[in-house]
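# Structural overview
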Amino acid sequence: MKNLIRGSFVLAMSLSVAACSVRNPVETNAPDSEVAAARYVHDGPKRLTLYTMISNETGAGAHTSLMINASERVAYDPAGSFRTEGITAKNDVVYGMTPYLVDQYTRFHARETYHVVVQSIDVSPQVAEIALREAQSLGPVLEAQCALTTSQLMSQLPGFEDAPRSYSPKKLSAYFADKGASYDRLFEYDDDDKSKVLAAFVPEYERAAQN
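Residues numbered from 1 in each chain as written. Predicted model: local features only at pLDDT ≥ 70, side-chain atom pairs only at ≥ 80, totals over all residues. Heavy atoms only, no water.

### Some points on the pairing of strand β1 (residues 47-55)
- Most of β1 is tucked away, with eight of its nine residues classed as buried.
- Hairpin connection of β1 to strand β2 (residues 61-69): five residues between the antiparallel strands, including G59 at a positive phi of 80°.
- Here nine bridges tie β1 to strand β6 (residues 114-122), and the two strands are oriented antiparallel to one another. The partner of S55 across the bridge, within β6, is Y114. (Buried < 20%, exposed > 50% of the residue type's maximum accessible area, 1.4 Å probe, protein only. Helix = DSSP H or I, 4+ residues; strand = E, 2+ residues; numbered from the N terminus. Pairing = 2+ DSSP bridges.)

### Quick notes on the packing of aromatic side chains
- Following the criterion strictly, the structure yields four aromatic pairs and no others.
- Judged by centre distance (5.3 Å) and plane angle (90°), the ring pair of Y51 and Y105 falls under edge-to-face. Here Y105 lies in helix α4 (residues 99-109) and Y51 lies in strand β1, a separation of 54 residues in the sequence. This pair shows no difference in class: Y51 is buried, exactly as Y105 is.
- A connected cluster of aromatic rings, assembled from ring pairs, spans Y51, F82, Y105 and F108.
- Above the face of the F160 ring, K179 is positioned so that its terminal group lies 5.6 Å from the ring centre. (Phe/Tyr/Trp six-rings, centres within 6.5 Å; stacked < 30°, edge-to-face > 60°. Lys NZ or Arg CZ within 6 Å of the ring centre and 35° of its normal.)

### Focus on the nonpolar core
- Counting 29 residues, the largest nonpolar core has L48, L66, I68, Y76, M154, F160 and F176 as its most contacted members.
- If one sorts the elements of this core by residue count, helix α5 (residues 125-137) sits on top with five residues.
- Ignoring anything within four residues of it in the chain, the contact list for L48 reads L66, M67, I68, Q119, S120, I121, V123, A131, L157, F160 and F176. (Core = buried A, V, L, I, M, F, W, Y, C linked by side-chain atoms within 4.5 Å. Contact = heavy atoms within 4.5 Å.)

### Observations concerning the pattern of salt bridges
- Per the counting criterion, the structure on display carries nine salt bridges.
- Of the charged contacts in the structure, one is a salt bridge between E72 and R39, with a shortest N-O distance of 4.0 Å. With E72 in the loop between β2 and β3 (73-76) and R39 in the loop between α3 (32-37) and β1, this pair connects stretches of sequence that are 33 residues apart.
- With a relative accessible area of 9%, E72 lands in the buried category.
- The exposure class assigned to R39 is partly exposed, which follows from its relative accessible area of 45%.
- Note that D103 is salt-bridged to R107, the shortest N-O span being 2.8 Å. Here R107 and D103 lie together in helix α4, a separation of four residues that amounts to about one turn.
- Given a relative accessible area of 33%, D103 falls into the partly exposed group. (Salt bridge = Lys/Arg side-chain N within 4 Å of Asp/Glu carboxyl O.)

Structure (structure tokens):
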């Protein structure tokens, strides 16, 4: 019976991965000139911030991402959908994470069906920079592998070598909590259709022109 259960699990995972698709980098990647222009340096402490999206109905984890404040502040958003005009991304790294974009990013994921758990840990400049370089070295991630890829990235960091290699966003969140991370949650009750949120997104350069 155990072998049957294990075999069914492996088959289910294989089907899940087989059904995933990788975004076409040629279509979705910003050119290097835009990536350089979007660079944002945040003067706060060097920090790793883990985002975990939780179902309001079942309590299950739905998505994992990691904001990295190093020599520049970016969001590692594996297989994420926070992509539209005015948002600069290459592979799964979103650049130019200003306070405005951080607010938009967080609220984008909180809606009537999900809330967002935000956990932060201050790290040394060296650890933050390693995290940034690791995120930039990774290509587009398959859907359903956001937590796994984030945990693999974290396991490369000094002091985080014991990060669990897991597909579970909640398991990674629990690990971050054990590391002494701060904890906050955001609930919002906007429409569940995220395309409407992106359609309403106003880039910062347009906001500046309006003011």
